[in-house]
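Observations on chain architecture
One letter stands for each residue in the lines below.
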Amino acid sequence: MIAGDPAVIEPGALPRHVAIIMDGNGRWAKQRGRLRMVGHYAGAKTVRKIVRYAAQLGIEKLTLFAFSSENWRRPPEEVSNLMKLFMSVLQREVKLLNKHNVRLRIVGARDGFSESLQQRIEFAERLTEHNDGLQLNVAANYGGRWDILQQVRFFSEQISQGVLRSEQLTEALLNESFARSSVSDVDLMIRTGGEHRISNFLIWQLAYAELYFTERLWPDFDEQEFREALASYVCRERRFGCTTDQIRQMIQTG
Ligand code: IPE
Ligand code: IPE
Ligand code: MG
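Residues numbered from 1 in each chain as written. Chains lettered and ligands numbered in written order. Predicted model: local features only at pLDDT ≥ 70, side-chain atom pairs only at ≥ 80, totals over all residues. Heavy atoms only, no water.

Some remarks on the nonpolar core
- In this structure, Val18, Ile20, Leu62, Leu136, Ile190 and Phe226 are the most contacted members of the largest nonpolar core, which totals 45 residues.
- Top contributing element to this core by residue count: helix H3 (residues 76–99), with nine residues.
- Apart from residues lying up to four places away in sequence, Ile20 is in contact with Ile50, Leu62, Thr63, Leu64, Phe65, Ile190, Phe201 and Trp218.
- Membership of the second largest hydrophobic core comes to 13 residues, among which are Phe65, Val107, Val183 and Phe201. (Core = buried A, V, L, I, M, F, W, Y, C linked by side-chain atoms within 4.5 Å. Buried < 20%, exposed > 50% of the residue type's maximum accessible area, 1.4 Å probe, protein only. Helix = DSSP H or I, 4+ residues; strand = E, 2+ residues; numbered from the N terminus. Contact = heavy atoms within 4.5 Å.)

What about the packing of aromatic side chains?
- Scanning the entire structure with this criterion turns up twelve aromatic pairs.
- With 5.3 Å between their ring centres and 20° between their planes, Phe178 and Trp204 make a pair best called stacked. In this pair, Phe178 is assigned in helix H6 (residues 171–181) and Trp204 in the loop between strand E5 (188–191) and strand E6 (210–213), connecting sequence segments 26 residues apart.
- By relative accessible area, Trp204 is classed as partly exposed at 25%. (Phe/Tyr/Trp six-rings, centres within 6.5 Å; stacked < 30°, edge-to-face > 60°.)

Notes on the packing of H3 against helix H4 (residues 115–128)
- Where H3 meets H4, the closest approach of the two axes is 10 Å, and the angle between their N-to-C directions is 15°. Classified by the interaxial angle, the pair formed by H3 and H4 is roughly parallel. For the pair H3 and H4, the sense of crossing is left-handed. Residues Met83, Phe86, Met87, Leu90, Gln91, Val94 and Asn98 of H3 form the contact with H4, whose participating residues are Ser116, Leu117, Arg120, Ile121, Phe123, Ala124, Leu127 and Thr128. (Axes fitted to C-alpha atoms, helices over the stretch in contact; angles between N-to-C directions. Parallel < 35°, antiparallel > 145°, perpendicular 65-115°, else oblique. Left-handed = near helix turned anticlockwise from the far one by under 90°.)

Let's talk about H4
- For H4, built from 14 residues, the straight-helix expectation of 20 Å at 1.5 Å per residue is met to within 8% by its first-to-last C-alpha distance of 20 Å.
- Among all positions in H4, only Leu117, Gln118, Ile121, Ala124, Glu125 and Thr128 are buried. All buried residues of H4 project into a common sector of 125° when viewed along the axis, lining one side. H4 presents Glu115 and Arg126 as exposed residues on the side facing more than 90 degrees away from its buried surface.
- Residues of H4 that are buried sit in contact with H3 and strand E3 (103–107). (Expected span 1.5 Å × (residues − 1). Arc of directions from axis to C-beta.)

Here it is, written out as structure tokens:
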């Protein structure tokens, strides 16, 4: 048992797949009179902490929204610094992830990245592809509509080649295809930073997800807040089977 782990949440009740919109880095920095990038650096530390915690808890899949297809609209300097950060985090963390049996996948239009970043992504994915611990998906240059468009293109091609008839295309087939080439169905989606929107994150995969929004800015997000989200999910899953006292106990344990 992990120190500080809410043992009261049965492992079987935990969400198998958690997705997070990591928002609020810029505001966090601004509140401290610092440059936005300082918030992104702090946000990268939170990523490390939360990945470790998710792995400890035995969550199967964690999908993190790191950079949206719309984030290219930000000032060029911020975009370029974010790319550098992405590059250095990949370089620095991949061996550790591998050591902890994490399987890493980068999901998104990677042809939008520089050649060297693409190579680093491929290296990281290859290094960790046989790991069977936490599946960590990082959505980068990702958009939910883009994701759906890839499936539309793939299946139109199959149909036009006569490999598949359109009436054979089912939800289950699409689901399998998303899981294989992108991300599978999400159980719990968390958004930090106080906004109540999806911002073109996973669209198909969130259809049945429980949504948890918190005011907490991403650099301040921690294990305690993560537990609160999990506890809220567990209670919703049980359709209010829990009592308020039990929820408090789950949140405070640790
Ligand atoms: C999320 O934080 C990180 C990225 C989108 C890369 P923001 O940079 O959006 O932070 P706020 O929303 O401006 O505070
Ligand atoms: C969503 O955050 C994207 C990521 C967290 C990577 P944004 O800050 O870009 O979203 P909007 O602009 O508030 O919708
Ligand atoms: Mg934001």
